Amino acid sequence: MLEPIWNPIAARLGDAAGQVPALMAVFSQNSFKHYLKAQYADTTFQGLYHWNWFDAAMLLPYFLVMILLSFYGVHRYTMCYRYFKHKKNYDPNPPQPFAELPRVTVQLPIFNEQFVIDRLIEAVCAMEYPREKLEIQVLDDSTDETQEVAAGIVDRYAALGHPIVYIHRTNRHGFKAGALDEGLKVAKGEFVAIFDADFVPPADWLMKVIHHFGEPDVGMVQTRWAHLNRDYSMLTQIEAILLDGHFVLEHGSRVRTGEFFNFNGTAGMWRRKAIEDGGGWQHDTLTEDTDLSYRSQMAGWRFKYLPEVECPSELPIEMTAFKTQQARWAKGLIQTSIKILPTVFRSKMPWRAKFEALHHLTCNMSYPLMVIMSAFLLPAMICRFYQGWFQMLLIDVPLFAASSFSIAVFYLMSQRELFPKTWKKTILYLPLLMAVGIGLTVTNTKAVMEALFGIKSAFVRTPKYRVAQKGQKSQAAKYRKRLKLAPWIELLLGLYFFLAILYTFSNQNYFTAPFLILFVIGYWYTGLMSLLQGRFERWRTGAAPPDEANAKPFPVGV
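Residues numbered from 1 in each chain as written. Predicted model: local features only at pLDDT ≥ 70, side-chain atom pairs only at ≥ 80, totals over all residues. Heavy atoms only, no water.

**Considering the nonpolar core**
Soluble globular proteins tend to bury their nonpolar side chains together.
Reasoning step 1: Val106, Ile121, Trp205, Leu206, Met269, Trp270 and Trp281 are the most contacted members of the largest nonpolar core, which totals 62 residues.
Reasoning step 2: When sequence neighbours within four positions are dropped, the list of residues in contact with Val106 reads Val124, Leu134, Glu135, Ile136, Gln137, Ala193, Phe195 and Leu206.
Reasoning step 3: Judged by nonpolar contacts, the second largest core, of 55 residues, contains Phe322, Val436, Phe519 and Tyr525. (Core = buried A, V, L, I, M, F, W, Y, C linked by side-chain atoms within 4.5 Å. Buried < 20%, exposed > 50% of the residue type's maximum accessible area, 1.4 Å probe, protein only. Contact = heavy atoms within 4.5 Å.)

**A word on the pairing of strand β1 (residues 104-110)**
Reasoning step 1: Taken across its 7 residues, β1 has 7 buried, putting it largely inside the fold.
Reasoning step 2: Alternating positions in β1 separate into two faces, Val104, Val106, Leu108 and Ile110 on one and Thr105, Gln107 and Pro109 on the other, with burial throughout.
Reasoning step 3: Pairing geometry for β1 and strand β2 (residues 134-140), over 7 bridges, is parallel. By the bridge assignment for β2, Leu108 is matched with Val138.
Reasoning step 4: The pairing of β1 with strand β4 (residues 191-194) spans 4 bridges and is parallel. (Helix = DSSP H or I, 4+ residues; strand = E, 2+ residues; numbered from the N terminus. Pairing = 2+ DSSP bridges.)

**What to know about the side chain of Gln325**
Reasoning step 1: When you line up the elements, Gln325 lands in helix α11 (residues 319-346).
Reasoning step 2: Those residues in contact with Gln325 that sit more than four places away from it in its chain are Pro316 and Thr462.

**Quick look at the pattern of salt bridges**
Reasoning step 1: A complete count under the given rule lists 26 salt bridges for this structure.
Reasoning step 2: A salt bridge links Asp244 to Arg230; the shortest N-O distance between them is 2.7 Å. Here the residue Asp244 occupies a position in helix α8 (residues 234-256), and Arg230 occupies one in the loop between β5 (218-227) and α8, the gap between them amounting to 14 residues.
Reasoning step 3: Taking relative accessible area as the criterion, Asp244 reaches 2% and is therefore assigned buried.
Reasoning step 4: Given the relative accessible area of 16%, Arg230 is considered buried.
Reasoning step 5: A salt bridge links Arg352 to Glu259, with the nearest nitrogen and oxygen atoms 2.8 Å apart. Taken as a pair, Arg352 in helix α12 (residues 351-362) and Glu259 in the loop between α8 and β6 (268-271) lie far apart in primary sequence, 93 residues in all.
Reasoning step 6: Using a relative accessible area of 53% as the deciding quantity, one classes Arg352 as exposed.
Reasoning step 7: Within this structure, Arg82, Glu250, Arg254, Glu259, Arg352 and Glu356 form a network of salt bridges that share partners. (Salt bridge = Lys/Arg side-chain N within 4 Å of Asp/Glu carboxyl O.)

**Here's the deal with the environment of Glu417**
Reasoning step 1: If you trace the backbone, Glu417 turns up in helix α14 (residues 389-418).
Reasoning step 2: Separated by 172 residues in sequence, Glu417 and Gly245 place their C-alpha atoms 9.9 Å apart.
Reasoning step 3: Excluding its chain neighbours within four sequence positions, the residues that come into contact with Glu417 are Tyr83, Phe84, Lys87 and Val248.
Reasoning step 4: Among the polar contacts made by the side chain of Glu417, one reaches the side chain of Lys87 at a distance of 3.1 Å. (Polar contact = N/O pair within 3.5 Å; in protein donor to acceptor, adjacent residues only side chain to side chain.)

**Points about the pairing of β2**
Reasoning step 1: Within β2, 7 of the 7 residues are buried, which leaves the element mostly enclosed by the surrounding structure.
Reasoning step 2: Following the chain from β1 across helix α4 (residues 117-125) to the adjacent parallel β2, one finds a crossover that is right-handed.
Reasoning step 3: Strand direction decides the pairing type here: β2 and strand β3 (residues 164-168), joined by 5 bridges, are parallel. Bridge assignment links Leu139 to a residue of β3, and that residue is Ile167.
Reasoning step 4: Since β2 and β3 lie parallel, the crossover through helix α5 (residues 146-159) that links them has a hand, and here it is right-handed. (Right-handed = clockwise from strand over helix to strand, strands pointing away.)

**Considerations on the sheet that holds β4**
Reasoning step 1: In spatial order, the strands read β3-β2-β1-β4-β6-β5-β7; together these 7 strands make up an open sheet with mixed pairing. The open sheet has two free edges, formed respectively by β3 and β7 (302-313), since each of these has just one partner strand. Going across the sheet, the axis of each strand differs from the next one's by a mean of 20°, ignoring polarity.
Reasoning step 2: Sheet strands touched by α8: β5 and β7. Its angle to β5, the strand with the most contacts, is close to 150°. (Axes fitted to C-alpha atoms, helices over the stretch in contact; angles between N-to-C directions.)

**Some details on α8**
Reasoning step 1: The first and last C-alpha atoms of α8 sit 32 Å apart over 23 residues, in line with the 33 Å expected at 1.5 Å per residue.
Reasoning step 2: Taken across its 23 residues, α8 has 20 buried, putting it largely inside the fold.
Reasoning step 3: One or two positions beyond α8, positive phi appears at Gly258, with a value near 80°. (Expected span 1.5 Å × (residues − 1).)

**Quick word on the environment of Ala435**
Reasoning step 1: Its place among the elements puts Ala435 in helix α15 (residues 430-439).
Reasoning step 2: Separated by 83 residues in sequence, Ala435 and Leu518 have C-alpha atoms that sit 4.9 Å apart.
Reasoning step 3: With residues up to four places along the chain from it excluded, the contact list for Ala435 reads Leu518, Ile521 and Gly522.

**Observations regarding the environment of Thr146**
Reasoning step 1: Of note, Thr146 is situated in helix α5.
Reasoning step 2: For the pair Thr146 and Phe115, spaced 31 residues apart in sequence, the C-alpha separation works out to 8.2 Å.

**Thoughts on the side chain of Ser406**
Reasoning step 1: Its place among the elements puts Ser406 in helix α14.
Reasoning step 2: We classify Ser406 as buried; its relative accessible area is 1%.
Reasoning step 3: Within the structure, Ser406 has its side chain in polar contact with the side chain of Arg76 (distance 3.0 Å).

**Some details on the packing of aromatic side chains**
Reasoning step 1: Going through the model one piece at a time under the given rule, you end up with 24 aromatic pairs.
Reasoning step 2: With 5.1 Å between their ring centres and 75° between their planes, Phe199 and Trp225 make a pair best called edge-to-face. Linking Phe199 in the loop between β4 and α7 (205-210) with Trp225 in strand β5, this pair joins segments that are 26 residues apart in sequence.
Reasoning step 3: Owing to a relative accessible area of 2%, Phe199 belongs among the buried residues under this scheme.
Reasoning step 4: Here the aromatic rings of Trp225 and Trp329 are separated by 6.4 Å at their centres, their planes lie at 55°, and the arrangement is tilted. Of this pair, Trp225 sits in strand β5 while Trp329 sits in helix α11; the two residues are 104 residues apart in sequence, bridging distant segments of the chain.
Reasoning step 5: In this structure an aromatic cluster arises from ring pairing among Phe261, Phe263, Trp270, Trp281, Phe303 and Tyr305.
Reasoning step 6: The ring of Phe111 carries Arg172 above its face, with NZ or CZ at 3.6 Å from the centroid. (Phe/Tyr/Trp six-rings, centres within 6.5 Å; stacked < 30°, edge-to-face > 60°. Lys NZ or Arg CZ within 6 Å of the ring centre and 35° of its normal.)

As structure tokens, this is what we get:
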């Protein structure tokens, strides 16, 4: 009875069993092992590729740029090495404290900071220092309501007996450097501490710093920036890690090996004589702090850095504010290198110190180099597809380890020093950190090229939003910048690298894709955040658009 039913089933099972070897053969041809064999072990077409002039025109600039980027990458490794090698050279205790405290002037340079000025003045007036030996100058170049706000706060604290004065200029000649110089002309202090509007110095800051000037050759003491709103967003987390790398490893390695390092424009204190011997505040660069730092150190003054003394500050919460800040620093450092490096190389400084100064002041040249590499990346990939895997492995891996992997090592080491118990979570931020660094290339390259061609620009302040907690609303939407071209260029570059990823997949060159994905994420993230971030807040809060002074308030680049 079952035979008529069973025979068709058995026949079908027999056919399926006969197809198993064929299916296994197909599977083996499409397996990962087969892919590796076909891509990297198959020598069928070996020797057919011949070098030609087109490939040379594409590959030589590409490798030259990669080698130059590797120069800066290898230097990150050396900074990590020197930091740990010379760790014992640092002593946090002042060797010669003052028997009697000297007179100190605290300068607060501000420009249109109405939402944070009260926080700053309150913190400075709460500092522990004898009032008869303290002077506080509010150096206000504001052109908006900040004038009335700041003057009113100064009057209130002065009435309470605090030694505070309000100085307002009717012009912005020299910008921040000009304001500091103007205040210095009437300052009474032998030492000058400087705080930007977005900083909140702790009450014991002056007492922790002043005694390090007991050594008569110390001209400046810099303290480490901490971050009030580190956990506000992914962007502020990345900004904090970037700054930590600078303040932990860069400053740390330079000061421990006796190299020149720079005052960071705020959260530091100067000996007035060191400012004067260095030629005073000058405004021909956008980084007047670094400019004066080199001039003062070449005049014979020694600088100290206190990483254990923190001064909390507010990080930019919007992409454009971050871009504006980074572009100003990039342009200013290149301007300073053009101005200072000839003097450095003519000096009697040891060659090691000259090399360190060269790297420090020219490190932002990596941004135009990244643009050149981006332009040649896809043509070079097409040319090299036919050269074989061994050449790519032999050349690309060392260059990648030098130029890119060094970034991960550098910032991981800084987080390990600051947060020994939780530093491993930084690994999660590294891909986006590297992507954001790539995304900054458009605005920073523009800034660097302006510096190289001598194009002057105003000191563009970083907007202060007074937000420290996640979800807190910004009060300073009026300080956002107008729309410009940069984010659209970033979006197009992201599209270019997205097409490059499609090309790699069409050629089964999957190992290149993760590297290219960083470019796509970086350019699209910075571009979209620049275009939309201001709108997000309006949509969420339902706030009316700002007034005529900022007809297009949405941030987008420098």
